[in-house]
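Commentary on secondary and tertiary structure
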Amino acid sequence: MLSLIRKTTRKVSSGAVLKSCYLNCLSSRSIHAAASAPHEGAATGLYGFEQLKSPKGFRRFVDEAIERSGELVTFISSMPSSAEVIRAMDEISNRVCSVFDSAELCRQTHPDREFVEEANKAAMRMSEYFHFLNTNHTLYNAVKKAEREAHLLTREAHMAAHFLRVDFERAGIHLSAERLDRVNQLSIEISQLCQEYKENIVIDPGSVDIFPPMRVPNNLHHLVKPIYRSSKSFGSISSMKEKGFRLMTDADSLSSILQYTSDDEVRKMAYVKGNSSPCANLDVLDKIIATRHELAQILGYRSYAEFAVTPNMASSPAVVVSFLQELSNLVRPSADEEFNQIKEFKLKKRFNKFEDLEPWDEAYYTSMMKSTAYNLNSSVISSYFPLSQCIEGLKTLVNSLFGASFNSIPLAPGESWHPDVLKLSLHHPEEGDLGYLYLDLYSRKGKYPGCAHFAIQGGCKVSEMEYQLPVVALVCNFSGSRERSNVRLNHSEVETLFHEFGHALHSLLSRTEYQHFSGTRVVLDLAETPSNLFEYYASDYRVLRTFAKHYSTGEVIPEKLVKSMQGAKKMFAATELQRQILYALIDQTLFGERLTSERDTSSVVAELKRQCTSWKHVDGTHWQTRFFHLLTYGAGYYSYLYAKCFAATIWEKLCQEDPLSRSTGTALRTKFLQHGGSKEPVDLLKDLVGDGIIRYCDGGVIPDITSLCKEMDISGKLVV
């Protein structure tokens, strides 16, 4: 556990979403210059940090952070003023978080194995140092004193003192030495188990062997590996080699197989194998659940879900489950109607031969139904979304909304981790540079497999005249062409790019006094709101026409095509929403009250699926062994649904009429994005769009769902 540490979220395209840990900072010897803009041509280190000119530079990076933090701990022990205590605490955070987060980005993306190994060691050393900080009573007592002296602090400083004190206590500083050691031991075990879970997914993605190869459609041949088996020729005792294809069933490949393969048996084989790999994670997940449960109970909570949810707007698992169950009941009629439509469509395609609708049928038939209804062709759609044009679209969007521009910056020698990486500065004509953004967008072997937003350096006030600029990296895995200039995105990938861009803007436009509150360092059930909001921009024709142009002719994407895309997306919206509700309920249940030996994780998944949906659960499958959100978002996956509701309301009330107007952008920036986590989340939301965005429920806060219901044509109100 990391008491001083704030948490932020990063979305992964699989649904999957990651967490990173933070403290907070400011300084007389700040590191802000190191990661900003090296002099053109001057050699520097990774991300602009001078220490990281070589892999072993991570050792110096850690040493310097610990040394400076030690000086600040000594300073705090001298009983300075409360304001000085909070500033010194924030500098400690800034130091250690820049090291930890740089190491995290490096080990997820760097192609050099030595860099990755040194980054792993740096992260481990920093984790050990976090424990020292989190259990330091001198720091804790100084923070408590500062909180009591609120009248001597600014509003934001008092808020920082409060959160620091709460985080210390959530890390167990009040416990006996023996119990605190156990907390630290459990935290290390959890980290190791999570790493093992992740490695198992990479090591054992599952595979199916298909004979003959004609059963695999041509558009999936880039996923196959040719294989051969011995077979006897007809009427002969001689044997011959029969060719087949091996299909891997990792998440991305499985998605393509289920969508494009007409052969029922191939889809079934892939579905079963993909959803029952890796088997080793059944045991690992059980251990994670048990370890987290023990940790929560030592810290005074009834469950890990209670520990995770208490600091958030929801405030308790009971509020979360109530929200999810009511939303589930509300969406069920529409989802069941969609289920029956898919079933009837399959019946017609099978010439009225009655067959049950199977889980491996969903993607295949819904894709066919969308194409039939709207005459959509994925290759036609992607022809309007060259990646280079999508990046230009993001630049246009920022200029329209905020009057700012993204400018390309030459990378200094040693600053980049791969030739594909681009660097942009976010520049305002009156305010100067607002922050820096690295783009690492193409897939490659060994790279973090999803899409995510990584913080490298948070923003904070250094002096009355100087501000430490935020530095972030946007990491994706787009592919489809050997020539980078020819990469084109499908519309789902465009939405993912805009989603991650929403996270990046949250960080880059933040202007907080303390690094502790910079950008996405907000309560978990608010963090995904900007990213969900910017997904709307990826589907609005008024936005798309500014950049979506045919890769060869330059023709602007036709409005009729965009309307068809919007209609297709809406066709099974209730089913998709129901799926997200199910995932969130599984997450809450697994980390809720302690599971008995008779009720393992697979039985929980099966039972909830039967309760909440009309879809079958396939015995023997265990989808939960590759759903990484259970690790990174443990008991917090519901926050995606909170964000979906908040974003729907913000879009309808603020953005929909004129999404590209400067007044819309000014409101988003000044009332929401620039505050990061330095204002109460309820106040941020209400200041932005008024009272109709949240509801109070049993001591917690839930989103109003009126706008989401209207958008999805679902009638009714959430009753709590």
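Owing to the predicted nature of the structure, the values given are computational and were not obtained by experimental measurement.

Turning our eyes to something else, we now look at the overall build of the chain. Looking only at helices and strands, the chain has 26 helices and 14 strands in total. Expected size for 720 residues packed as a compact globule is a radius of gyration near 27 Å; at 26 Å, the chain falls within 12% of this value. Dimensions along the principal axes, computed over C-alpha positions, put the chain at roughly 90 × 60 × 60 Å. Each of the 720 residues in the chain was classed as buried or not, and the buried ones make up 59%. Contacts in the chain between residues at least 24 apart in sequence constitute 73% of all its contacts with a sequence separation of at least 6. The average position of the 82 basic charges and that of the 86 acidic charges among the side chains of the chain differ by 4 Å.

A word on the sheet that holds strand β6 (residues 405-408). Overall, mixed pairing links the five strands, which are arranged β6-β7-β8-β12-β9 in an open sheet. In the strand order of this sheet, the two ends are held by β6 and β9 (452-457), each with one partner. Taking each pair of neighbouring strands and ignoring which way they run, the sheet shows an average axis angle of 30°. Along the sheet, helix α2 (residues 82-109) contacts β8 (432-442), β9 and β12 (471-478); its crossing angle with β9, the most-contacted strand, is approximately 140°.

We now examine the packing of α2 against helix α3 (residues 113-134). Direction vectors running N to C along α2 and α3 enclose 150°, while the axes themselves pass 8 Å from each other. Taken together, the axes of α2 and α3 are roughly antiparallel relative to one another. Here the hand of the crossing between α2 and α3 comes out left-handed. On α3, the residues touching Ile92, Val96, Val99, Phe100, Ala103, Cys106 and Arg107 of α2 are Phe115, Val116, Ala119, Asn120, Ala122, Ala123, Met126, Ser127, Tyr129, Phe130 and Leu133. When the residues that make up the contact of α2 with α3 are grouped by side-chain class, the tally is 15 nonpolar, two polar and one charged.

On to unusual backbone geometry. A cis amide bond links Phe211 with the next residue in sequence, Pro212, at an omega value of -10°. Along the polypeptide, Pro212 turns up in the loop between β3 (207-210) and β4 (224-232). The omega torsion across Ser277 and Pro278 is -5°, close enough to zero to call that bond cis. Residue Tyr47 is not a glycine yet carries a positive backbone phi of 60°. Tracing the backbone shows Tyr47 in the loop between β2 (17-22) and α1 (57-77). Of note, Ser315 is a non-glycine position whose phi angle comes to about 75°, a positive value. Take Ser315: it is sitting in the loop between α10 (304-309) and α11 (317-349). A relative accessible area of 23% means that Ser315 is categorised as partly exposed.

Attention now goes to the domain arrangement of the chain. As far as domains go, the chain holds domain 1 (46-174), domain 2 (205-277), domain 3 (310-358 + 571-712) and domain 4 (381-556). Relative placement of domain 1 and domain 3: their C-alpha centres are 34 Å apart. Facing the four residues of domain 1 at the interface are five residues of domain 3. Both sides of the domain 1 and domain 3 interface together cover about 390 Å² of buried area, and 57% of this is carbon and sulfur. Connecting domain 1 to domain 3 are zero salt bridges. The interface formed by domain 1 and domain 3 contains one residue pair in polar contact (both at pLDDT 80 or more). Taken together, the residues that form the side of domain 1 that touches domain 3 break down as one nonpolar, no polar and three charged.

Turning our attention to the nonpolar core. Ranked by internal contacts, the top residues of the largest apolar core, which has 139 residues, are Phe385, Tyr537 and Ile557. With 10 residues, helix α23 (residues 639-655) is the single largest residue contributor to this core. If you count residues domain by domain, this core takes at least three from each of domain 3 (310-358 + 571-712) and domain 4 (381-556). Counting residues in hydrophobic clusters, the runner-up holds 59 residues, among them Leu72, Ala122, Phe130 and Ala473.

The first and last C-alpha atoms of helix α6 (residues 177-203) sit 39 Å apart over 27 residues, in line with the 39 Å expected at 1.5 Å per residue. The set of residues buried in α6 consists of Leu180, Val183, Leu186, Ser187, Ile190, Leu193, Cys194, Tyr197 and Asn200. On the buried face of α6, the contacting elements are α3, α9 (280-298) and α22 (629-632).

Looking at the secondary structure, you find Thr649 in helix α23. With sequence-adjacent residues up to four places away left out, Thr649 is seen in contact with Val689, Gly692, Ile693, Asp704 and Ser707.

In this section: the side chain of Arg669. Inspection of the secondary structure assignment puts Arg669 in helix α24 (residues 662-671). Side-chain polar atoms of Arg669 contact the side chain of Glu431, separated by 2.8 Å.

Further remarks concern the environment of Leu357. The topology assignment puts Leu357 in the loop between α11 and α12 (362-374). Along the chain, Leu357 and Leu347 lie 10 residues apart, while their C-alpha atoms are 9.0 Å from each other. With near-sequence residues (within four places) excluded, Leu357 lies in contact with Phe339, Ile342, Lys343, Lys346, Trp615 and Lys616.

A word on the pairing of strand β13 (residues 694-697). The sheet contact formed by β13 and strand β14 (residues 700-703) spans four bridges and is antiparallel. For Arg695, the partnering residue across the bridge sits in β14 and is Ile702. Between β13 and the antiparallel strand that follows it, β14, lie two residues; Asp698 among them carries a positive phi value of about 50°.

Right, let's talk about the pattern of salt bridges for a bit. For the structure on display, the rule yields 45 salt bridges. Glu513 is paired through a salt bridge with Arg87; the nearest N and O atoms lie 3.3 Å apart. Here Glu513, found in the loop between α15 (491-508) and α16 (524-527), pairs with Arg87, found in helix α2; they are 426 residues apart in sequence, far enough to count as distant. Glu513 gets classed as buried once you look at its relative accessible area, which sits at 14%. Residue classification places Arg87 among the partly exposed positions, given a relative accessible area of 29%. A salt bridge links Lys423 to Glu415, with the nearest nitrogen and oxygen atoms 2.6 Å apart. Of the two residues, Lys423 and Glu415, both sit in the buried class. Through salt bridges with shared partners, one network takes in Asp264, Arg267, Lys346, Arg350, Glu355 and Asp361.

Next up on the list: the packing of helix α17 (residues 529-537) against α23. Running from N to C, α17 and α23 cross one another at 50°; their axes reach a closest spacing of 8 Å. Between α17 and α23, the crossing angle belongs to the class labelled oblique. Between α17 and α23 the crossing geometry is right-handed. Residues Thr529, Asn532, Leu533, Tyr536 and Tyr537 of α17 form the contact with α23, whose participating residues are Tyr640, Ala643, Lys644, Phe646, Ala647, Ala648, Ile650, Trp651 and Cys655. Residues of the contact of α17 with α23, tallied by class, amount to 11 nonpolar, two polar and one charged.

Among all positions of helix α8 (residues 264-274), only Asp264, Val266, Arg267, Ala270, Tyr271 and Gly274 are buried. Down the axis of α8, the buried set is contained in an arc of 165°. They therefore lie on one face. Tucked inside the fold, the buried residues of α8 contact β3, α7 (251-260), α12 and α21 (601-612). Of the residues that open α8, the one with a side-chain oxygen 2.9 Å from the backbone nitrogen of Glu265 is Asp263.

Thresholds, definitions, all that
Residues numbered from 1 in each chain as written. Predicted model: local features only at pLDDT ≥ 70, side-chain atom pairs only at ≥ 80, totals over all residues. Heavy atoms only, no water. Helix = DSSP H or I, 4+ residues; strand = E, 2+ residues; numbered from the N terminus. Rg over C-alpha atoms; globule rule 2.2 N^0.38 Å. Buried < 20%, exposed > 50% of the residue type's maximum accessible area, 1.4 Å probe, protein only. Contact = heavy atoms within 4.5 Å. Lys, Arg positive; Asp, Glu negative; His and termini not counted. Charge placed at Lys NZ, Arg CZ, Asp CG, Glu CD. Pairing = 2+ DSSP bridges. Axes fitted to C-alpha atoms, helices over the stretch in contact; angles between N-to-C directions. Parallel < 35°, antiparallel > 145°, perpendicular 65-115°, else oblique. Left-handed = near helix turned anticlockwise from the far one by under 90°. Nonpolar A, V, L, I, M, F, W, Y, C, P; charged D, E, K, R; others polar. Domains from an automatic or database assignment. Buried area = accessible area lost by both parts, 1.4 Å probe. Salt bridge = Lys/Arg side-chain N within 4 Å of Asp/Glu carboxyl O. Polar contact = N/O pair within 3.5 Å; in protein donor to acceptor, adjacent residues only side chain to side chain. Core = buried A, V, L, I, M, F, W, Y, C linked by side-chain atoms within 4.5 Å. Expected span 1.5 Å × (residues − 1). Arc of directions from axis to C-beta.

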